[in-house]
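# Breakdown of the fold
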Amino acid sequence: MKLILAIINRDDAGAVTQNLTKQGFSSTKLSTTGGFLMSGNVTILVGVDEEKVQEVIDIIKEQSHSRRQVIPTTTEMSYGYYPSMPVEVTVGGATIFVVDIERFERV
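Rules used in this analysis
Residues numbered from 1 in each chain as written. Predicted model: local features only at pLDDT ≥ 70, side-chain atom pairs only at ≥ 80, totals over all residues. Heavy atoms only, no water. Buried < 20%, exposed > 50% of the residue type's maximum accessible area, 1.4 Å probe, protein only. Helix = DSSP H or I, 4+ residues; strand = E, 2+ residues; numbered from the N terminus. Pairing = 2+ DSSP bridges. Expected span 1.5 Å × (residues − 1). Arc of directions from axis to C-beta. Polar contact = N/O pair within 3.5 Å; in protein donor to acceptor, adjacent residues only side chain to side chain.

### Focus on the pairing of strand β3 (residues 40-48)
Of all nine residues in β3, seven are buried, a share of seventy percent or more. By the bridge criterion, six bridges tie strand β2 (residues 28-33) to β3 in an arrangement that is antiparallel. Across the sheet, residue Ser31 finds its bridge partner in β3, namely Val42.

### Remarks on the environment of Gln18
As for its position among the elements, Gln18 is in helix α1 (residues 10-22). Its relative accessible area of 57% is what places Gln18 among the exposed residues. Distance in space between the C-alpha atoms of Gln18 and Gln63 is 9.8 Å, their sequence separation being 45 residues.

### Focus on α1
Spanning 13 residues, α1 covers 19 Å between terminal C-alpha atoms, matching the ideal 18 Å at 1.5 Å per step. Those residues of α1 not exposed but buried are Asp12, Ala13, Val16, Thr17, Asn19 and Leu20. Each buried residue of α1 sits inside an arc of 165° when the element is viewed along its axis, so together they form one side. The exposed set on the far side of α1, more than 90 degrees from its buried face, consists of Asp11, Gln18, Thr21 and Lys22. Measuring from the backbone nitrogen of Asp11 back to the side-chain oxygen at the start of α1 gives 2.8 Å, which picks out Asn9 as the cap. Two residues or fewer after α1 comes Gly24, characterised by a positive phi angle close to 90°.

Interpretation in functional terms is not warranted from these geometric data alone.
What follows is the structure, given as structure tokens:
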């Protein structure tokens, strides 16, 4: 048994969970916040047998898209914060962890 933890952009969460369900996978969706941009993410948990791991990863890859986003930056000066040039960053996609499950029980 494996546990897949996928951290994805909240804009892709609906498509990912819908497609996982359509393919017969149960998932749990948690609202999370990223540390870099402090933006909304979703962490999806999926427990599967080892032979199904790649199928779940393929669904997540197919439905999670990277995109470019312009973010404001600020500079701290002696009298406060001053706006500076915005920076373009790549957001989205997915970060996926696969971990072994030593024991699983439904109660």
